[in-house]
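Commentary on secondary and tertiary structure
Each chain, written out:
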Amino acid sequence: AYGRREEAFGIHQALAGAAGAYAQARQHGRPVIGLIVGKAMSGAFLAHGYQANRLIALNDDGVMVHAMGKAAAARVTLRSVEDLERLAADVPPMAYDIASYATLGLLWKLVDVTSAEQPSSADVQVVRGALVDALNDIKTDPAPDLRSRLGGTNRQASSRVREKLRAQW
């Protein structure tokens, strides 16, 4: 867990530097692809994964995206883990599973594999194909921004807020 020692060593500065480098590379036309193969967690994922032009995840029960572990989230929200799991069933941004995360529109592609932990040679080929497809898609995209992520089923409020801000400004 991130703590005083990591802060003293400047992990936050390293993450900020990395995120800035990814953003600059993307904005200058360099393709940046993120591949989620396991647990994508907290600041590390936010700093690294969110700057990718295309974000791909393996469709496997062991693959998940979350800001913090369930026990920590329960402590912070003053709820039980069971209560959080019940809420996650109705509130996809609170869920840990990759299928719920996919509804937010942040993933470019969810890739079906037989096993994320023990990939077969066919799984490797499918993932390689997805990476090549992502690279080709980036090359044909005229805008290096991240607008494509706003179309998710559960991101409609984000789109409405952006529309209202554009109208006001």
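Residues numbered from 1 in each chain as written. Predicted model: local features only at pLDDT ≥ 70, side-chain atom pairs only at ≥ 80, totals over all residues. Heavy atoms only, no water.

A grouping of Met-41, Met-68 and Val-76 is seen on the molecular surface, where their side chains present a nonpolar patch of about 260 Å² in accessible area. Counting through the fold element by element, Met-41 comes out in strand 2 (residues 39-41). With relative accessibility at 39%, the residue Met-41 sits in the partly exposed group. (Patch = residues over 30% accessible without salt bridge, like charges linked within 9 Å, V, L, I, M, F, W, Y side chains within 5 Å. Areas by Shrake-Rupley, 256 points an atom, 1.4 Å probe, with all protein chains shown as cover. Salt bridge = Lys/Arg side-chain N within 4 Å of Asp/Glu carboxyl O. Helix = DSSP H or I, 4+ residues; strand = E, 2+ residues; numbered from the N terminus. Buried < 20%, exposed > 50% of the residue type's maximum accessible area, 1.4 Å probe, protein only.)

Inspection of the secondary structure puts Lys-39 in strand 2. Ignoring anything within four residues of it in the chain, the contact list for Lys-39 reads Gly-62 and Met-64. (Contact = heavy atoms within 4.5 Å.)

A rise of 1.5 Å per residue sets the reference length of helix 7 (residues 121-140), with its 20 residues, at 28 Å; its end C-alpha atoms lie 29 Å apart and thus fit the reference within 8%. Regarding helix 7, the residues found buried are Asp-123, Val-127, Ala-130, Ala-134 and Ile-138. One side of helix 7 holds all its buried residues, which, seen down the axis, span an arc of 70 degrees. Those residues of helix 7 that are exposed and angled more than 90 degrees off the buried face are Ser-121, Lys-139 and Thr-140. Its buried side turned inward, helix 7 meets strand 1 (33-36), strand 3 (54-59) and strand 5 (109-112). (Expected span 1.5 Å × (residues − 1). Arc of directions from axis to C-beta.)

Now for the nonpolar core. Across soluble globular proteins, you tend to see nonpolar side chains buried next to one another. Counting 20 residues, the largest nonpolar core has Ile-36 and Tyr-101 as its most contacted members. If you list the elements that add at least two residues to this core, you get strand 3, helix 6 (98-102) and helix 7. Take this core: its biggest share by element is 4 residues, from strand 3. Sequence-distant contacts of Ile-36, that is, excluding residues within four places in its chain, are made with Phe-45, Leu-55, Ile-56, Ala-57, Leu-58, Val-63, Val-65 and Leu-107. Judged by nonpolar contacts, the second largest core, of 5 residues, contains Met-64, Ala-73, Ala-74 and Tyr-96. (Core = buried A, V, L, I, M, F, W, Y, C linked by side-chain atoms within 4.5 Å.)

Within the fold, Asn-53 resides in the loop between helix 3 (42-48) and strand 3. The class for Asn-53 is buried, based on a relative accessible area of 6%. Setting aside its immediate chain neighbours within four residues, Asn-53 contacts Arg-26, Arg-30, Pro-31, Val-32, Ile-138, Pro-144 and Leu-146.

Although it is not a glycine, Leu-78 adopts a positive phi angle of roughly 60 degrees. Tracing the backbone through its elements, the reader meets Leu-78 in the loop between helix 4 (70-77) and helix 5 (81-90). By relative accessible area, Leu-78 is classed as exposed at 76%.

Regular strands place their side chains on alternate faces of the sheet. Residues Gly-34 and Ile-36 point to one face of strand 1 and are all buried, whereas Ile-33 and Leu-35, pointing to the other face, are not buried. Strand direction decides the pairing type here: strand 1 and strand 3, joined by 4 bridges, are parallel. Pairing of Ile-33 across the sheet is with Arg-54, part of strand 3. (Pairing = 2+ DSSP bridges.)

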